[in-house]
Amino acid sequence: MRKIFFLTALLMMILTTTAFAEEAPAEETPAEDGPYVYTSEDFEYSITCPIKPVAVVRNPWEEPERRGEMLVFINEGFDIQYAYVIQVNAFDTKKVPDFNKGSMVAIGNYLLNMKHSGGFAVADLVNITKKNKGVYAVTADKIQVLNKETGELDGELIAEKQYAFTYFRTPQGRCISIQLISANLEDKIYIDTYRAGVASFQDNSGTDNQKDKKDKKDKKDKKDKKDKKDKKDKKDKKDKK
């Protein structure tokens, strides 16, 4: 029953969210048994989740320079079975090519390096939305073990889990990583739901500043129109005299 419930919730999210499609303003969803829009005030973003998180863990990494949250959907004690991990400062924008405007050679070399040195079996350029590209990557299921002294291959380790990651820049310029933790990574419905969540991501940083700028521009436009009208009225009166 539990599996059927979560698969139903995942299907509902896929049907109500366009995967890797054009961005749309997020609205809070009160239902707890279906797609739920989670908004983080601390890290200034919103994202559509398959269900309401049962727990939110701030800065779940040991590295203090990392910033973000883990949104937990299913867990058995300390064993996280289904979650999104969102990092808001995921990569150095100066060291990573622009996925939208960068040269294909630079992007291609970056993807190859992710496969050869970054521990990823898959690293592809994808459309996050119609206007924004990013990188979708999956960690390797086999990890090569090198001899520290000789640098030669000693053998391979089989990874207990594989993880999916998506890296992208927001229109505001923040570097985002969204990781999928799932025991069902091979199940297409979980990947489709995850991609729909990534596509729904809204960067809320600077929203107030943008609103202030718009308000100031509107006030200036109104003042300019009023000044022009006053000048015209004065000229018309002068001409009549």
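Residues numbered from 1 in each chain as written. Predicted model: local features only at pLDDT ≥ 70, side-chain atom pairs only at ≥ 80, totals over all residues. Heavy atoms only, no water.

**Section: the overall build of the protein chain**
- Secondary structure assignment for the protein chain yields four helices and twelve strands.
- Among the 241 residues that make up the protein chain, the fraction classed as buried is 37%.
- Contacts spanning at least 24 positions in sequence make up 49% of the contacts within the protein chain whose residues lie at least 6 apart.
- Accessible surface, the protein chain as shown: approximately 15600 Å² in total, 52% of it carbon and sulfur. (Helix = DSSP H or I, 4+ residues; strand = E, 2+ residues; numbered from the N terminus. Buried < 20%, exposed > 50% of the residue type's maximum accessible area, 1.4 Å probe, protein only. Contact = heavy atoms within 4.5 Å. Areas by Shrake-Rupley, 256 points an atom, 1.4 Å probe, with all protein chains shown as cover.)

**Concerning the sheet that holds strand E6 (residues 120–129)**
- Here seven strands make up an open sheet; going across it, the order is E3-E4-E5-E11-E10-E7-E6 and the pairing antiparallel. Of all strands in the sheet, those bounded by a partner on one side alone are strand E3 (55–58) and E6. Within this sheet the neighbouring strands show an average axis-to-axis angle of 20°, counted without direction.
- The pairing of strand E5 (residues 79–87) with strand E11 (residues 175–182) spans six bridges and is classified as antiparallel. (Pairing = 2+ DSSP bridges. Axes fitted to C-alpha atoms, helices over the stretch in contact; angles between N-to-C directions.)

**Looking at the pattern of salt bridges**
- For the structure shown, the criterion picks out four salt bridges.
- Across the pair Asp79 and Lys161 runs a salt bridge, and its minimum N-O distance is 3.8 Å. Here Asp79, found in strand E5, pairs with Lys161, found in the loop between strand E9 (153–158) and strand E10 (164–169); they are 82 residues apart in sequence, far enough to count as distant.
- Accessibility expressed as a relative area gives 39% for Asp79, which makes it partly exposed.
- Here Asp203 and Arg174 are joined by a salt bridge, their closest N and O atoms 2.9 Å apart. Of this pair, Asp203 sits in strand E12 (residues 202–203) while Arg174 is found in the loop between E10 and E11, placing the two residues 29 residues apart along the sequence.
- By relative accessible area, Asp203 is classed as buried at 9%.
- A relative accessible area of 16% places Arg174 in the buried class. (Salt bridge = Lys/Arg side-chain N within 4 Å of Asp/Glu carboxyl O.)

**Digging into the packing of aromatic side chains**
- Following the criterion strictly, the structure yields 13 aromatic pairs and no others.
- Judged by centre distance (6.2 Å) and plane angle (55°), the ring pair of Phe91 and Phe99 falls under tilted.
- By relative accessible area, which is 13% here, Phe91 ends up buried.
- Ring-pair connections join several aromatic residues into one group, and the members of that group are Phe91, Phe99, Tyr110, Phe120, Phe165 and Tyr167.
- We note Arg169 situated over the ring of Phe99; from NZ or CZ to the ring centre the distance is 5.5 Å.
- We note Arg195 situated over the ring of Tyr136; from NZ or CZ to the ring centre the distance is 4.6 Å. (Phe/Tyr/Trp six-rings, centres within 6.5 Å; stacked < 30°, edge-to-face > 60°. Lys NZ or Arg CZ within 6 Å of the ring centre and 35° of its normal.)

**Some words on the nonpolar core**
- Formed by 30 residues in total, the largest nonpolar core has its most connected members in Tyr45, Ile47 and Ile178.
- Ranked by the residues each element gives to this core, the list is headed by helix H3 (residues 188–199), at five residues.
- Membership of the second largest hydrophobic core comes to 14 residues, among which are Phe91, Met114, Phe120 and Val135. (Core = buried A, V, L, I, M, F, W, Y, C linked by side-chain atoms within 4.5 Å.)

**Structural notes on the sheet that holds strand E2 (residues 45–49)**
- Taken in spatial order, the three strands line up as E1-E2-E12 in an open sheet, and their pairing is antiparallel. The outermost strands of the open sheet, each flanked by one partner alone, are strand E1 (36–40) and E12.
- In this sheet, E2 lies alongside E1 in antiparallel orientation, the contact comprising five bridges. In the strand pairing of E2, Thr39 is matched with Ser46.

**Regarding the side chain of Thr166**
- Inspection of the secondary structure puts Thr166 in strand E10.
- Residue classification places Thr166 among the buried positions, given a relative accessible area of 0%.
- Of note is the side chain of Thr166, whose polar atom sits 2.8 Å from the side chain of Tyr194.
- Ignoring anything within four residues of it in the chain, the contact list for Thr166 reads Ile128, Val135, Tyr136, Ile176, Ser177, Ile178, Tyr194 and Val198. (Polar contact = N/O pair within 3.5 Å; in protein donor to acceptor, adjacent residues only side chain to side chain.)

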